[in-house]
Amino acid sequence: MGTANRTMPKAAHHIPQFLSDENMERLTQIMYPKQAAEGDYLFWEGDKADRLYYVHGGTVKLSKSTEDGKAFILQVAQSGDLFGEFGSGEPQSYGYDGIVMEDASLGVILIKDLEVLIWRHGDMAMQLFKWMSQMQQFVQSKFRDLLLFGKNGALASTLIRLTNSYGEMDERGIRITIKLTHTDLANMIGSTREGVNRMLSEYKAAGAIELENGRLVITNLPFFQAMVGCAGCPLGVCRI
């Protein structure tokens, strides 16, 4: 988690560039451009995972469905994110749906083209390994918060992560620039819309949040940090 004294930037771009400038340029050269509109599915769970996606702009949610029809949002990919299945050496399938939340500009990277790049430039393999390691830490930290602190703590953790990923300072606190429904928040923590409504009402009564044109404003960040005992996780991990 972030610390209480961390200064928030104007916009939330805490995605560390895992590749060197040289390798990032090489990766860009093999990308196929793709524009996708809000609501589009890039892929479905079970589809052949033969490509990665790099986000130039917009947002994409990676959502896992359970057997009883419930959805769990694993990640909201934003500008600077790379996502997909890679690294096992065996044919893979996507374990989640990729759904565009906000109109997105993407770079599509075929796995077969990436493998050629790695073969030619060995240092890229280590840099991609670091990316996969960080993404594993990111997912583990989200599940840790849910398991250790329950739904209330998981929502508090999600709000902290949102300030790191989509927070802008204003006179009242940290405004979350992305518009999320209560159902979206519920799907991020494995809860129900009604449960999220209740918890948000409690936070509002405590003076920790406000609502502005359908967007959240975090007015008391330490309130949420205290709920989950923020440990100063890197911003690359403490994000939505």
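Look above for the structure.
Residues numbered from 1 in each chain as written. Predicted model: local features only at pLDDT ≥ 70, side-chain atom pairs only at ≥ 80, totals over all residues. Heavy atoms only, no water.

Caption draft 1: Representation of the layout of surface pockets within the structure. Considering only enclosed or pocket space, the largest pocket measures out at about 410 Å³ in volume. What lines the largest pocket is a set of 17 residues, and nearest its centre among them are G84, Y96, M135, Q136 and V139. Per element, the largest residue contribution to the lining of the largest pocket is 8 residues, and it comes from helix 3 (residues 122-166). Residues that form the lining of the largest pocket fall into these classes: 12 nonpolar, 4 polar and 1 charged. (1 Å grid on protein atoms, 1.4 Å probe; cavity = no way out; pocket = protein on both sides within 12 Å on 5 of 7 lines; lining within 4 Å. Points joined across faces, edges and corners; volume = space filled by probe spheres on them. Helix = DSSP H or I, 4+ residues; strand = E, 2+ residues; numbered from the N terminus. Nonpolar A, V, L, I, M, F, W, Y, C, P; charged D, E, K, R; others polar.)

Caption draft 2: Fine view of a negative patch on the surface. A contiguous patch of negative charge on the surface is contributed by E38, D40, E102 and D103. You can see E102 is positioned in strand 6 (residues 97-110). (Patch = residues over 30% accessible without salt bridge, like charges linked within 9 Å, V, L, I, M, F, W, Y side chains within 5 Å. Areas by Shrake-Rupley, 256 points an atom, 1.4 Å probe, with all protein chains shown as cover. Salt bridge = Lys/Arg side-chain N within 4 Å of Asp/Glu carboxyl O. Lys, Arg positive; Asp, Glu negative; His and termini not counted. Charge placed at Lys NZ, Arg CZ, Asp CG, Glu CD.)

Caption draft 3: Focus on empty space enclosed by the protein. Tallied over the entire structure, the rule returns 4 cavities of 30 Å³ or more. For the largest cavity, the full set of lining residues is F72, K142, D145, L146, A154, S157, T158, R161, M188 and I189. Elements represented by at least two residues in the lining of the largest cavity include exactly helix 3 and helix 4 (182-189). No other element matches helix 3, which puts 7 residues into the lining of the largest cavity.

Caption draft 4: Main features of a nonpolar patch on the surface. Together, V139, F143 and L147 make up a nonpolar patch on the protein surface, roughly 280 Å² of accessible area in all. Topologically, V139 is positioned in helix 3. The partly exposed category is assigned to V139, whose relative accessible area is 34%. (Buried < 20%, exposed > 50% of the residue type's maximum accessible area, 1.4 Å probe, protein only.)

Caption draft 5: Region of interest: the packing of aromatic side chains. Summed over all chains, the structure comprises 11 aromatic pairs. With centroids separated by 5.8 Å and ring planes inclined at 35 degrees, the aromatic side chains of F43 and Y53 adopt a geometry described as tilted. Here the residue F43 occupies a position in strand 2 (residues 41-43), and Y53 occupies one in strand 3 (residues 51-65), the gap between them amounting to 10 residues. Residues F43 and Y53 agree in their burial class; the two are buried. Ring geometry for Y203 versus F223: centroids 6.1 Å apart, planes at 75 degrees, classification edge-to-face. Highlighted residues: Y203 in helix 5 (residues 193-205) and F223 in helix 6 (residues 221-228), separated in sequence by 20 residues. Note on Y203: relative accessible area 3%, which makes it buried. What links up through ring pairs into an aromatic cluster is the set F43, Y53, F83, Y94 and Y96. (Phe/Tyr/Trp six-rings, centres within 6.5 Å; stacked < 30°, edge-to-face > 60°.)

Caption draft 6: A look at the sheet that holds strand 7 (residues 167-169). Taken together, the 4 strands give an open sheet; going across it, the order is 7-8-10-9, and neighbouring strands pair in antiparallel fashion. Edge positions in the open sheet fall to strand 7 and strand 9 (209-212), since each of these has one partner strand only. Across the sheet, the axes of successive neighbouring strands diverge by a mean angle of 30 degrees, strand direction being ignored. In the sheet, strand 9 pairs with strand 10 (residues 215-218) via 4 bridges, with the strands oriented antiparallel. For I209, the partnering residue across the bridge sits in strand 10 and is I218. (Pairing = 2+ DSSP bridges. Axes fitted to C-alpha atoms, helices over the stretch in contact; angles between N-to-C directions.)

Caption draft 7: Expanded view of the environment of L211. Within the secondary structure, L211 is located in strand 9. For L211, a relative accessible area of 48% translates into the label partly exposed. Distance in space between the C-alpha atoms of L211 and S141 is 27 Å, their sequence separation being 70 residues.

Caption draft 8: Quick peek at helix 2 (residues 111-120). Here helix 2 has its buried residues at I111, D113, L114, L117 and I118. Projected down its long axis, helix 2 shows its buried positions confined to an angular sector of 160 degrees, all on one face. Facing away from the buried surface of helix 2 by more than 90 degrees, the exposed residues are K112, W119 and R120. (Arc of directions from axis to C-beta.)

Caption draft 9: Focus on the nonpolar core. One finds L162, L185, Y203 and F224 to be the most contacted residues of the largest nonpolar core, which totals 32 residues. Elements represented by at least two residues in this core include exactly strand 4 (71-77), helix 3, strand 8 (174-176), helix 4, helix 5, strand 10 and helix 6. The element best represented in this core is helix 3, accounting for 7 residues. Setting aside chain neighbours within four positions, we find F224 in contact with A156, L159, I160, Y203, A208, I209 and I218. One finds I30, L82, M124 and L128 within the second-largest nonpolar core, a separate group that totals 20 residues. (Core = buried A, V, L, I, M, F, W, Y, C linked by side-chain atoms within 4.5 Å. Contact = heavy atoms within 4.5 Å.)

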